[in-house]
Amino acid sequence: MIDPTPIYDAATAFWKSSALFAACRVGLFDALNEPAKAEDLAKQLDLSERGALALLDACVALDLLEKNEGIYSNTPTGKRYLTSTSPESLLVTLELQANTYPMWMNLSESVKKGQPAIPPQDLLGGDRELTRQFVVGMHQRALGIAESLVNVVDLSGCRLMADIGGGPGTYSTMILKRYPELRSRIFDLAPIQEVAKALVSTSGVADRIEMIPCDATADDFGDGYDAALISGLLHRMTPEICQNILEKVYTGMESGGKLVLNDLFTLDGKPALAVLFGLQFLLTNETGGTHDAGDMAAWTSDAGFEDVQITAMFPYMFITARKA
Ligand SMILES: C[S@@+](CC[C@H](N)C(=O)[O-])C[C@H]1O[C@@H](n2cnc3c(N)ncnc32)[C@H](O)[C@@H]1O
(Lines give C-alpha, C1' and ligand atoms only; values in the text may rest on other atoms or scores of the structure.)
Protein backbone atom coordinates (compact mmCIF):
# COMPACT_ATOMS: atom_id res chain seq x y z
CA MET A 1 0.00 0.00 0.00
CA ILE A 2 1.17 3.54 -0.71
CA ASP A 3 1.05 5.42 2.59
CA PRO A 4 -1.61 8.21 2.58
CA THR A 5 -0.40 9.64 5.92
CA PRO A 6 1.04 12.90 4.45
CA ILE A 7 -2.41 13.63 2.98
CA TYR A 8 -4.28 12.97 6.24
CA ASP A 9 -1.72 14.98 8.18
CA ALA A 10 -2.06 18.00 5.88
CA ALA A 11 -5.85 17.70 5.70
CA THR A 12 -6.30 17.76 9.48
CA ALA A 13 -3.50 20.16 10.46
CA PHE A 14 -6.08 22.95 10.85
CA TRP A 15 -7.73 21.01 13.71
CA LYS A 16 -4.59 21.58 15.75
CA SER A 17 -4.40 25.30 14.94
CA SER A 18 -8.09 25.74 15.74
CA ALA A 19 -7.75 24.00 19.11
CA LEU A 20 -4.76 26.19 20.02
CA PHE A 21 -6.47 29.44 18.95
CA ALA A 22 -9.71 28.53 20.77
CA ALA A 23 -7.85 27.62 23.96
CA CYS A 24 -6.02 30.97 23.86
CA ARG A 25 -9.22 32.91 23.13
CA VAL A 26 -11.26 31.41 25.97
CA GLY A 27 -8.37 31.98 28.38
CA LEU A 28 -7.61 28.33 29.20
CA PHE A 29 -3.88 28.82 29.83
CA ASP A 30 -4.33 31.88 32.05
CA ALA A 31 -6.99 30.05 34.06
CA LEU A 32 -4.69 27.05 34.48
CA ASN A 33 -2.11 29.07 36.37
CA GLU A 34 -3.98 27.16 39.10
CA PRO A 35 -4.51 23.44 38.19
CA ALA A 36 -8.24 22.64 37.94
CA LYS A 37 -10.91 20.10 36.97
CA ALA A 38 -12.84 20.49 33.70
CA GLU A 39 -16.17 21.31 35.40
CA ASP A 40 -14.59 24.01 37.58
CA LEU A 41 -12.83 25.58 34.58
CA ALA A 42 -16.08 25.50 32.61
CA LYS A 43 -17.79 27.50 35.39
CA GLN A 44 -14.87 29.90 35.79
CA LEU A 45 -14.62 30.65 32.04
CA ASP A 46 -18.36 30.43 31.29
CA LEU A 47 -17.95 27.46 28.93
CA SER A 48 -20.19 24.47 28.36
CA GLU A 49 -18.89 21.43 30.27
CA ARG A 50 -18.96 19.34 27.10
CA GLY A 51 -16.95 21.97 25.18
CA ALA A 52 -14.46 22.52 28.00
CA LEU A 53 -13.77 18.80 28.33
CA ALA A 54 -13.28 18.31 24.58
CA LEU A 55 -10.96 21.31 24.28
CA LEU A 56 -8.96 20.45 27.40
CA ASP A 57 -8.40 16.87 26.23
CA ALA A 58 -7.41 18.09 22.77
CA CYS A 59 -4.80 20.38 24.36
CA VAL A 60 -3.48 17.47 26.44
CA ALA A 61 -3.20 15.36 23.27
CA LEU A 62 -1.27 18.22 21.64
CA ASP A 63 1.14 18.45 24.63
CA LEU A 64 -0.11 21.97 25.37
CA LEU A 65 -1.57 20.87 28.75
CA GLU A 66 -1.03 18.07 31.24
CA LYS A 67 -3.74 15.94 32.88
CA ASN A 68 -3.30 14.03 36.09
CA GLU A 69 -6.22 12.16 37.74
CA GLY A 70 -8.74 14.51 36.14
CA ILE A 71 -6.83 17.69 37.07
CA TYR A 72 -5.54 19.82 34.19
CA SER A 73 -2.45 22.05 34.42
CA ASN A 74 -0.16 24.04 32.16
CA THR A 75 2.98 22.43 30.75
CA PRO A 76 6.16 24.51 31.26
CA THR A 77 5.87 25.48 27.55
CA GLY A 78 2.25 26.59 27.93
CA LYS A 79 3.02 28.55 31.09
CA ARG A 80 5.91 30.34 29.41
CA TYR A 81 4.38 31.17 26.03
CA LEU A 82 0.59 30.99 26.40
CA THR A 83 -0.19 32.95 29.58
CA SER A 84 -0.76 36.69 29.38
CA THR A 85 1.40 37.55 32.40
CA SER A 86 4.52 35.79 31.08
CA PRO A 87 7.19 38.14 29.64
CA GLU A 88 7.55 35.60 26.78
CA SER A 89 3.81 35.47 26.06
CA LEU A 90 2.89 34.81 22.42
CA LEU A 91 -0.84 35.47 22.90
CA VAL A 92 -1.04 38.62 20.73
CA THR A 93 0.87 37.05 17.86
CA LEU A 94 -1.38 33.97 18.07
CA GLU A 95 -4.49 36.19 18.10
CA LEU A 96 -3.23 37.79 14.88
CA GLN A 97 -2.72 34.34 13.37
CA ALA A 98 -6.27 33.45 14.40
CA ASN A 99 -7.64 36.67 12.86
CA THR A 100 -5.87 36.05 9.55
CA TYR A 101 -6.82 32.35 9.55
CA PRO A 102 -10.04 32.74 7.48
CA MET A 103 -8.05 34.15 4.55
CA TRP A 104 -6.43 30.73 4.07
CA MET A 105 -9.84 29.49 2.92
CA ASN A 106 -9.34 31.79 -0.12
CA LEU A 107 -5.96 30.33 -1.04
CA SER A 108 -7.18 28.70 -4.26
CA GLU A 109 -8.56 32.09 -5.43
CA SER A 110 -5.25 33.81 -4.62
CA VAL A 111 -3.40 31.06 -6.47
CA LYS A 112 -5.62 31.58 -9.55
CA LYS A 113 -5.32 35.38 -9.53
CA GLY A 114 -1.86 35.82 -8.00
CA GLN A 115 -3.45 38.44 -5.75
CA PRO A 116 -3.72 38.74 -1.96
CA ALA A 117 -6.89 37.68 -0.13
CA ILE A 118 -6.90 40.71 2.19
CA PRO A 119 -5.96 44.35 1.46
CA PRO A 120 -2.15 44.44 1.99
CA GLN A 121 -2.42 47.73 3.88
CA ASP A 122 -4.60 46.19 6.64
CA LEU A 123 -1.56 45.15 8.71
CA LEU A 124 0.49 48.21 7.78
CA GLY A 125 -1.70 50.98 9.15
CA GLY A 126 -4.95 50.39 7.20
CA ASP A 127 -6.71 48.59 10.07
CA ARG A 128 -5.80 50.04 13.46
CA GLU A 129 -6.34 46.89 15.54
CA LEU A 130 -4.70 44.50 13.04
CA THR A 131 -1.72 46.90 12.80
CA ARG A 132 -1.38 46.96 16.60
CA GLN A 133 -1.57 43.14 16.71
CA PHE A 134 1.01 42.94 13.91
CA VAL A 135 3.53 45.18 15.73
CA VAL A 136 2.99 43.73 19.22
CA GLY A 137 2.94 40.23 17.70
CA MET A 138 6.33 40.85 16.02
CA HIS A 139 7.63 42.11 19.36
CA GLN A 140 6.46 38.97 21.18
CA ARG A 141 7.86 36.69 18.50
CA ALA A 142 11.21 38.51 18.50
CA LEU A 143 11.47 38.32 22.31
CA GLY A 144 11.27 34.54 21.94
CA ILE A 145 13.73 34.10 19.08
CA ALA A 146 15.95 37.18 18.68
CA GLU A 147 18.34 35.99 21.34
CA SER A 148 19.73 33.28 19.06
CA LEU A 149 20.79 35.95 16.54
CA VAL A 150 22.06 38.31 19.23
CA ASN A 151 24.18 35.50 20.69
CA VAL A 152 25.74 34.47 17.39
CA VAL A 153 26.26 37.66 15.39
CA ASP A 154 29.32 39.71 16.41
CA LEU A 155 28.81 43.48 16.22
CA SER A 156 31.62 44.37 18.61
CA GLY A 157 33.38 47.59 17.60
CA CYS A 158 30.31 48.88 15.69
CA ARG A 159 28.95 52.33 16.62
CA LEU A 160 25.82 52.90 14.54
CA MET A 161 23.39 50.31 13.18
CA ALA A 162 20.73 50.82 10.52
CA ASP A 163 17.82 48.48 11.36
CA ILE A 164 15.82 48.43 8.14
CA GLY A 165 12.21 47.30 8.44
CA GLY A 166 12.91 47.24 12.19
CA GLY A 167 9.19 47.03 13.10
CA PRO A 168 8.71 47.00 16.89
CA GLY A 169 12.45 47.60 17.40
CA THR A 170 12.88 44.47 19.49
CA TYR A 171 15.98 43.25 17.64
CA SER A 172 17.56 46.72 17.97
CA THR A 173 16.83 46.95 21.69
CA MET A 174 18.20 43.46 22.38
CA ILE A 175 21.34 44.14 20.34
CA LEU A 176 21.88 47.56 22.01
CA LYS A 177 21.66 45.94 25.44
CA ARG A 178 24.49 43.62 24.37
CA TYR A 179 26.63 46.45 22.93
CA PRO A 180 26.56 49.54 25.22
CA GLU A 181 28.52 51.69 22.71
CA LEU A 182 26.13 50.99 19.83
CA ARG A 183 23.28 53.25 18.64
CA SER A 184 20.52 52.30 16.21
CA ARG A 185 18.45 54.03 13.57
CA ILE A 186 15.23 52.09 13.03
CA PHE A 187 13.67 52.55 9.59
CA ASP A 188 10.05 51.49 8.98
CA LEU A 189 6.72 52.72 7.63
CA ALA A 190 5.24 55.64 9.62
CA PRO A 191 2.07 53.85 10.92
CA ILE A 192 4.20 50.97 12.22
CA GLN A 193 6.56 53.37 13.99
CA GLU A 194 3.60 55.05 15.71
CA VAL A 195 2.83 51.74 17.48
CA ALA A 196 6.51 50.81 17.93
CA LYS A 197 7.41 54.05 19.75
CA ALA A 198 5.62 52.91 22.91
CA LEU A 199 7.54 49.60 22.93
CA VAL A 200 10.89 51.30 22.29
CA SER A 201 10.27 53.96 24.96
CA THR A 202 10.07 51.31 27.71
CA SER A 203 13.05 49.28 26.44
CA GLY A 204 15.66 50.95 28.65
CA VAL A 205 17.80 51.89 25.61
CA ALA A 206 15.48 54.43 23.95
CA ASP A 207 18.10 57.18 24.34
CA ARG A 208 20.31 55.32 21.82
CA ILE A 209 17.54 54.79 19.26
CA GLU A 210 16.31 57.08 16.49
CA MET A 211 13.07 56.17 14.69
CA ILE A 212 13.07 57.21 11.02
CA PRO A 213 9.88 56.81 8.94
CA CYS A 214 10.80 55.35 5.58
CA ASP A 215 9.56 53.33 2.64
CA ALA A 216 12.47 51.00 1.94
CA THR A 217 11.30 50.47 -1.64
CA ALA A 218 11.74 54.19 -2.43
CA ASP A 219 13.94 55.89 0.21
CA ASP A 220 17.59 55.37 1.09
CA PHE A 221 18.95 54.92 4.60
CA GLY A 222 21.33 57.86 4.96
CA ASP A 223 24.98 57.09 5.68
CA GLY A 224 27.53 56.83 8.48
CA TYR A 225 26.41 53.44 9.83
CA ASP A 226 28.89 50.62 10.30
CA ALA A 227 26.30 47.87 10.88
CA ALA A 228 23.03 47.08 9.15
CA LEU A 229 20.29 44.62 10.11
CA ILE A 230 17.51 43.62 7.72
CA SER A 231 15.25 41.19 9.58
CA GLY A 232 11.97 39.90 8.16
CA LEU A 233 11.67 42.59 5.47
CA LEU A 234 13.03 41.09 2.28
CA HIS A 235 10.41 38.32 2.00
CA ARG A 236 7.90 41.08 1.15
CA MET A 237 9.97 42.26 -1.80
CA THR A 238 10.64 41.17 -5.38
CA PRO A 239 14.20 40.02 -6.20
CA GLU A 240 14.78 43.38 -7.96
CA ILE A 241 13.75 45.39 -4.89
CA CYS A 242 15.84 43.15 -2.61
CA GLN A 243 18.85 43.86 -4.81
CA ASN A 244 18.11 47.58 -4.81
CA ILE A 245 17.82 47.66 -0.98
CA LEU A 246 21.13 45.76 -0.63
CA GLU A 247 22.83 48.24 -3.00
CA LYS A 248 21.47 51.22 -1.01
CA VAL A 249 22.69 49.67 2.25
CA TYR A 250 26.13 49.09 0.73
CA THR A 251 26.36 52.67 -0.54
CA GLY A 252 25.50 54.25 2.83
CA MET A 253 27.65 51.90 4.93
CA GLU A 254 31.15 52.80 6.22
CA SER A 255 34.10 50.71 5.05
CA GLY A 256 34.54 47.66 7.29
CA GLY A 257 30.81 47.70 8.15
CA LYS A 258 28.86 44.51 8.93
CA LEU A 259 25.61 43.37 7.32
CA VAL A 260 23.16 40.90 8.89
CA LEU A 261 20.12 39.54 7.02
CA ASN A 262 17.70 37.50 9.11
CA ASP A 263 14.66 35.82 7.58
CA LEU A 264 12.81 32.64 6.73
CA PHE A 265 14.83 31.59 3.68
CA THR A 266 14.66 28.28 1.88
CA LEU A 267 17.71 26.21 1.07
CA ASP A 268 17.23 23.47 -1.54
CA GLY A 269 13.44 23.82 -1.22
CA LYS A 270 13.44 23.30 2.58
CA PRO A 271 12.34 23.67 5.37
CA ALA A 272 8.60 23.22 4.78
CA LEU A 273 7.76 26.06 7.20
CA ALA A 274 9.74 28.54 5.08
CA VAL A 275 8.20 27.25 1.85
CA LEU A 276 4.65 27.55 3.28
CA PHE A 277 5.51 31.06 4.47
CA GLY A 278 5.59 31.97 0.76
CA LEU A 279 1.86 31.19 0.63
CA GLN A 280 1.26 33.57 3.52
CA PHE A 281 2.76 36.32 1.36
CA LEU A 282 0.66 35.34 -1.63
CA LEU A 283 -2.36 35.86 0.67
CA THR A 284 -1.28 39.13 2.28
CA ASN A 285 0.92 41.07 -0.14
CA GLU A 286 1.05 42.10 -3.78
CA THR A 287 4.66 40.91 -4.03
CA GLY A 288 7.11 38.70 -2.26
CA GLY A 289 7.40 35.18 -0.96
CA THR A 290 10.17 33.16 0.57
CA HIS A 291 13.54 33.74 -1.08
CA ASP A 292 16.25 31.14 -1.48
CA ALA A 293 19.22 31.77 0.83
CA GLY A 294 21.65 31.02 -2.01
CA ASP A 295 19.99 33.65 -4.23
CA MET A 296 20.01 36.19 -1.40
CA ALA A 297 23.71 35.50 -0.74
CA ALA A 298 24.45 36.03 -4.45
CA TRP A 299 22.52 39.34 -4.49
CA THR A 300 24.49 40.39 -1.39
CA SER A 301 27.78 39.72 -3.20
CA ASP A 302 26.51 41.49 -6.33
CA ALA A 303 25.79 44.58 -4.20
CA GLY A 304 29.52 44.65 -3.32
CA PHE A 305 29.64 42.87 0.07
CA GLU A 306 32.38 40.35 0.90
CA ASP A 307 32.69 37.32 3.21
CA VAL A 308 29.05 36.35 2.61
CA GLN A 309 28.05 33.48 4.90
CA ILE A 310 24.78 31.62 5.49
CA THR A 311 23.97 30.25 8.97
CA ALA A 312 20.84 28.16 9.58
CA MET A 313 19.22 28.50 13.00
CA PHE A 314 15.78 26.93 12.66
CA PRO A 315 13.30 28.36 11.86
CA TYR A 316 15.39 31.33 10.68
CA MET A 317 18.52 31.62 8.61
CA PHE A 318 20.85 34.52 8.68
CA ILE A 319 23.30 35.79 6.14
CA THR A 320 26.27 37.84 7.29
CA ALA A 321 28.61 39.89 5.12
CA ARG A 322 31.10 42.75 5.33
CA LYS A 323 31.91 45.88 3.35
CA ALA A 324 35.65 45.94 2.58
C1 LIG B 1 8.09 40.77 9.62
S2 LIG B 1 8.36 42.41 10.07
C3 LIG B 1 9.97 42.32 10.79
C4 LIG B 1 10.18 43.31 11.90
C5 LIG B 1 11.51 43.19 12.62
N6 LIG B 1 12.62 43.56 11.76
C7 LIG B 1 11.69 41.80 13.16
O8 LIG B 1 12.43 41.01 12.57
O9 LIG B 1 11.06 41.47 14.18
C10 LIG B 1 8.63 43.30 8.56
C11 LIG B 1 8.74 44.77 8.78
O12 LIG B 1 8.97 45.40 7.52
C13 LIG B 1 8.22 46.58 7.50
N14 LIG B 1 7.99 47.00 6.13
C15 LIG B 1 7.18 46.46 5.20
N16 LIG B 1 7.23 47.14 4.05
C17 LIG B 1 8.13 48.15 4.25
C18 LIG B 1 8.63 49.19 3.44
N19 LIG B 1 8.21 49.34 2.18
N20 LIG B 1 9.52 50.06 3.97
C21 LIG B 1 9.94 49.92 5.26
N22 LIG B 1 9.51 48.94 6.07
C23 LIG B 1 8.61 48.07 5.57
C24 LIG B 1 6.94 46.21 8.21
O25 LIG B 1 6.24 47.36 8.64
C26 LIG B 1 7.47 45.38 9.35
O27 LIG B 1 7.78 46.15 10.47
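Every value quoted in this text rests on a predicted model; they were computed, and no experiment measured them. (Residues numbered from 1 in each chain as written. Predicted model: local features only at pLDDT ≥ 70, side-chain atom pairs only at ≥ 80, totals over all residues. Heavy atoms only, no water.)

> Honestly, the overall build of the protein in this entry has me stumped. Any pointers?
A count of helical and extended segments in the protein gives 13 helices and 10 strands. Seen through its principal axes, the protein has C-alpha atoms that stretch 65 × 50 × 35 Å. Per-residue burial over the protein gives 45% buried out of 324 residues. Expressed as a percentage of contacts within the protein between residues at least 6 apart in sequence, the contacts between residues at least 24 apart total 68%. The distance from the centre of the 26 positive side-chain charges to the centre of the 42 negative ones in the protein is 3 Å. (Helix = DSSP H or I, 4+ residues; strand = E, 2+ residues; numbered from the N terminus. Buried < 20%, exposed > 50% of the residue type's maximum accessible area, 1.4 Å probe, protein only. Contact = heavy atoms within 4.5 Å. Lys, Arg positive; Asp, Glu negative; His and termini not counted. Charge placed at Lys NZ, Arg CZ, Asp CG, Glu CD.)

> I would appreciate a short explanation of a negative patch on the surface in the present structure.
There is a patch of like negative charges on the surface, built from D215, D219, D220 and D223. Relative to the helices and strands, D215 is located in the loop between β6 (209–213) and β7 (225–231). Of the residues examined, D215 reaches a relative accessible area of 32% and is grouped as partly exposed. (Patch = residues over 30% accessible without salt bridge, like charges linked within 9 Å, V, L, I, M, F, W, Y side chains within 5 Å. Areas by Shrake-Rupley, 256 points an atom, 1.4 Å probe, with all protein chains shown as cover. Salt bridge = Lys/Arg side-chain N within 4 Å of Asp/Glu carboxyl O.)

> Can you walk me through the pattern of salt bridges in this structure?
Working definition: two side chains of opposite charge can pair if their charged atoms are close together. Within the structure shown, the criterion is met by 12 salt bridges. Between R322 and E306 there is a salt bridge whose closest N-O contact spans 3.7 Å. Taken together, the residues span a long stretch of sequence, with R322 in strand β10 (residues 316–322) and E306 in strand β9 (residues 306–313) at a distance of 16 residues. Note on E306: relative accessible area 37%, which makes it partly exposed. R322 serves as the salt-bridge partner of D307, at 2.9 Å between the closest nitrogen and oxygen. Of this pair, D307 sits in strand β9 while R322 sits in strand β10, and the two are 15 residues apart along the sequence. For D307, a relative accessible area of 46% corresponds to the partly exposed category.

> How should the site of the ligand be read in this particular structure?
Taken together, 20 residues are adjacent to the ligand, and G165, D188, D215, A216 and S231 come closest. In this structure, an oxygen atom belonging to the ligand sits 2.7 Å away from a side-chain N or O atom of D188. Here S231 contributes a side-chain N or O atom positioned 2.5 Å from an oxygen atom of the ligand. In isolation the ligand has 590 Å² of accessible area, and contact with the protein removes 94% of it. The element best represented in the shell around the ligand is helix α8 (residues 128–152), accounting for 3 residues. (Near = heavy atom within 4 Å. Polar contact = N/O pair within 3.5 Å; in protein donor to acceptor, adjacent residues only side chain to side chain.)

> Help me understand the packing of aromatic side chains in this model?
The geometry of an aromatic ring pair is captured by two quantities: the separation of the ring centres and the angle between the planes. Tallied over the full model, the rule gives 4 aromatic pairs. Between F277 and F281, the aromatic rings sit 5.1 Å apart at their centres with planes inclined by 65°, giving edge-to-face as the arrangement. Here F281 and F277 lie together in helix α12 (residues 272–284), a separation of 4 residues that amounts to about one turn. You'll find F277 and F281 in the same group, each marked buried. Stacked on the ring of Y250, the Lys or Arg K323 has its end atom at 4.4 Å from the ring centre. (Phe/Tyr/Trp six-rings, centres within 6.5 Å; stacked < 30°, edge-to-face > 60°. Lys NZ or Arg CZ within 6 Å of the ring centre and 35° of its normal.)

> Where do I start with the packing of helix α3 (residues 38–45) against helix α4 (residues 49–61) in this structure?
When two helices pack together, you describe them by how their axes are tilted relative to each other and by the distance separating the axes. At a minimum axis distance of 9 Å, the contact between α3 and α4 shows a crossing angle of 115°. As for how α3 packs across α4, the hand of that crossing is right-handed. Residues A38, E39, L41 and A42 of α3 pack against E49, A52, L53 and L56 of α4. Residues that form the contact of α3 with α4 fall into these classes: 6 nonpolar, no polar and 2 charged. (Axes fitted to C-alpha atoms, helices over the stretch in contact; angles between N-to-C directions. Left-handed = near helix turned anticlockwise from the far one by under 90°. Nonpolar A, V, L, I, M, F, W, Y, C, P; charged D, E, K, R; others polar.)

> Is there a simple way to think about the domain arrangement of the protein in this case?
The parts lose accessible area when they come together, and the size of an interface is often stated as this lost area. Each assigned domain of the protein is listed with its residue range as follows: domain 1 (5–86) and domain 2 (103–146 + 156–322). One C-alpha centre belongs to domain 1, the other to domain 2, and the line joining them spans 33 Å. (Domains from an automatic or database assignment.)

> Teacher, can you tell me more about helix α11 (residues 239–252) here?
Because each turn of an α-helix spans 3.6 residues, side chains separated by three or four positions end up pointing in the same direction. Relative to the 20 Å expected for 14 residues at 1.5 Å per residue, α11 spans 20 Å between its end C-alpha atoms, a close match to the ideal helical length. Along α11, the residues classified as buried are C242, I245, L246, K248, V249 and G252. Projection of α11 onto a plane perpendicular to its axis shows the buried side chains occupying an angular sector of 160°, all on one side. In α11, the exposed residues that point more than 90 degrees away from the buried face are E240 and T251. (Expected span 1.5 Å × (residues − 1). Arc of directions from axis to C-beta.)

> Can you walk me through the nonpolar core in this structure?
Across soluble globular proteins, you tend to see nonpolar side chains buried next to one another. The biggest cluster of nonpolar side chains holds 32 residues, and the ones touching the most others in it are F134, L149, L155, M161, I175, L182 and I209. Listing elements by their share of this core, those giving two or more residues are α8, α9 (170–178), α10 (190–201), β6 and β7. Ranked by residues supplied to this core, first place goes to α8 with 8 residues. Once residues within four sequence positions are removed from consideration, L155 is found in contact with M161, I175, Y179, L182, A227, K258 and V260. If you look at the next biggest cluster of nonpolar residues, it comprises 29 residues, including F221, A228, L259 and M317. (Core = buried A, V, L, I, M, F, W, Y, C linked by side-chain atoms within 4.5 Å.)

> Before we go on, may I ask you to explain the sheet that holds strand β5 (residues 183–188) in this structure?
One key point about sheets: their strands pair by backbone hydrogen bonds, in either a parallel or an antiparallel sense. Spatially, the 7 strands line up as an open sheet ordered β6-β5-β4-β7-β8-β10-β9, and their pairing is mixed. A strand with exactly one partner marks an edge of an open sheet, and here the two such strands are β6 and β9. If you compare each strand with its neighbour and ignore which way they point, the axes differ by 15° on average. Relative to β7, strand β4 (residues 160–164) runs parallel, the two sharing 4 bridges. Considered in β7, the bridge of M161 is made with A227. Set on the sheet, α10 makes contact with β5 and β6; between it and β6 the angle comes to about 165°. Packed onto the sheet, α11 meets β4, β7 and β8 (253–263) and runs at close to 150° relative to β8. (Pairing = 2+ DSSP bridges.)

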